[in-house]
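Residue-level structural notes
If you want the building blocks of each chain, they are given just below.
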Amino acid sequence: MKLRVLKYFLEIAREGSITKAAEHLHITQPTLSRQIAQLEDELGEKLYVREKYGIRLTDEGLLLKKRAQEFCELEDKVRSEFSGDDNITGTVYIGAGETEGIKYVAKILKQIRKKYPGITFRMISADAEDVTDKLDRGLIDFGLFVGKVNLNKYNCKILPYHDTWGIITRRDDELAAREFITPEDLLGRELLFSHQAKTHGEFSEWLGYPVNLLNIIGTHNLMYNASVMVREGLGILLTIEGIANVTGNSDLQFIPLKPELTAGLVLNSWTCCSLELGG
């Protein structure tokens, strides 16, 4: 399997058309079709089907698209690391969940860019499970995690910041008048949870009763769409402070949990966490 052919396949997937992909790749359509047919023979799977207005990827094609994107990202990363330039250049790949603590990483990157202008960075927003997966497979250099993580698996740096857990609800909800939210307040309410919070032991300990007693109507991995659902009256959202806009004319409000529940911030890497974190 050649990386060049995988890039051809990705171009077809992006364009939804073999003709348009061939034009962008500056090769003939028969040549492109032949290359993809050989790839299908090699994999033993049909990767796409022709439809009236273009092509549609099969389930196997969708899986290959994901893997091909990862291969291409890894190629870019390796080329950057072995650029052969005497100057310090390249791209730092960072995976992170949603947290205001990203400001610490931003400060670090600003310092690095000032010292080494040839360095760029790529931020990948994802939940802890996806960040771990990408870190383990070498697709990112650093992973920023909220809450408890395995400090023995990676080289870690604990950042001087913690997030505060609470709920986001509409300002016209009865809970909006509360100064804090207790475990009992969540019983009987329609809740939106991050996938990470639902499976996180710290939150289970805070509840003091089984998570399955809660009425969890939906889960999410990133916050924005979930906050829109709350704004439209679809439940209340368990989240950390500072991610969604609840100031000014916003019709949403953040209320912290009581007893207070916080989560630390940890930067993980397989190599030494050398992003000049102050020691």
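Our structure is the block above this text.
Residues numbered from 1 in each chain as written. Predicted model: local features only at pLDDT ≥ 70, side-chain atom pairs only at ≥ 80, totals over all residues. Heavy atoms only, no water.

1. So, helix H10 (residues 223-231)
Buried residues of H10: Met223, Ala226, Ser227 and Val230, and no others. Axial view of H10: buried residues confined to an arc of 100°, hence all on one face. The exposed residues of H10 that point more than 90 degrees off its buried face are Tyr224 and Asn225. In this structure, the buried residues of H10 make contact with strand S6 (155-170), strand S7 (190-194), strand S8 (215-220), strand S9 (236-240) and strand S10 (252-256). (Buried < 20%, exposed > 50% of the residue type's maximum accessible area, 1.4 Å probe, protein only. Helix = DSSP H or I, 4+ residues; strand = E, 2+ residues; numbered from the N terminus. Arc of directions from axis to C-beta. Contact = heavy atoms within 4.5 Å.)

2. Let's talk about the packing of aromatic side chains
Evaluation of the coordinates by the stated rule reveals three aromatic pairs. When the centroid spacing of 5.3 Å and the interplanar angle of 80° are considered together, the rings of Phe193 and Phe203 count as edge-to-face. On the criterion of sequence distance, the pair formed by Phe193 in strand S7 and Phe203 in helix H9 (residues 201-207) is long-range, its members being ten residues apart. Look at Phe203 and Trp206: their rings are 5.6 Å apart centre to centre, the planes differ by 25°, and that puts the pair in the stacked class. Of the two residues, Phe203 and Trp206 both sit in helix H9, three residues apart, roughly one turn of that helix. For the residue pair Phe203 and Trp206, the accessibility class agrees, reading buried in each case. Chaining the aromatic ring pairs together yields one cluster made of Phe193, Phe203 and Trp206. Above the ring of Tyr48, the side-chain terminus of Lys46 is found at 5.9 Å from the ring centroid. A cation over an aromatic ring shows up here: Lys107 above the ring of Tyr104, its NZ or CZ 5.4 Å from the ring centre. (Phe/Tyr/Trp six-rings, centres within 6.5 Å; stacked < 30°, edge-to-face > 60°. Lys NZ or Arg CZ within 6 Å of the ring centre and 35° of its normal.)

3. Quick notes on the packing of helix H1 (residues 3-15) against helix H2 (residues 18-25)
Here H1 crosses H2 at 125°, and the two axes come no closer than 8 Å. Viewed along their axes, H1 and H2 adopt a mutual orientation that is oblique. The way H1 lies across H2 gives a crossing that is right-handed. Between H1 and H2, the contacting residues are Tyr8, Glu11, Ile12 and Glu15 on the first element and Ile18, Lys20, Ala21, His24 and Leu25 on the second. Classifying every residue of the contact of H1 with H2 by side-chain character gives five nonpolar, one polar and three charged. (Axes fitted to C-alpha atoms, helices over the stretch in contact; angles between N-to-C directions. Parallel < 35°, antiparallel > 145°, perpendicular 65-115°, else oblique. Left-handed = near helix turned anticlockwise from the far one by under 90°. Nonpolar A, V, L, I, M, F, W, Y, C, P; charged D, E, K, R; others polar.)

4. Notes on the pattern of salt bridges
Within the structure shown, the criterion is met by eleven salt bridges. One salt bridge in this structure joins Arg56 and Glu51, with 2.7 Å as the shortest N-O distance. Arg178 is the salt-bridge partner of Asp185, the closest N and O atoms lying 2.7 Å from each other. Three or more residues are tied together by salt bridges with common partners; here these are Arg67, Glu70, Asp133 and Arg137. (Salt bridge = Lys/Arg side-chain N within 4 Å of Asp/Glu carboxyl O.)

5. With respect to a nonpolar patch on the surface
There is a patch of nonpolar side chains on the surface, built from Met1, Leu43 and Phe71 and spanning about 280 Å² of accessible area. Locating Met1 in the fold gives a position in the segment before H1. (Patch = residues over 30% accessible without salt bridge, like charges linked within 9 Å, V, L, I, M, F, W, Y side chains within 5 Å. Areas by Shrake-Rupley, 256 points an atom, 1.4 Å probe, with all protein chains shown as cover.)

6. What about the side chain of Ser269?
Here Ser269 shows up in strand S11 (residues 262-269). Classification of Ser269 as buried rests on a relative accessible area of 2%. Separated by 2.9 Å, the side chain of Ser269 and the backbone oxygen of Asp141 make a polar contact. If we skip the residues at most four places from it in the chain, Ser269 touches Leu135, Asp141, Phe142, Tyr154 and Asn155. (Polar contact = N/O pair within 3.5 Å; in protein donor to acceptor, adjacent residues only side chain to side chain.)

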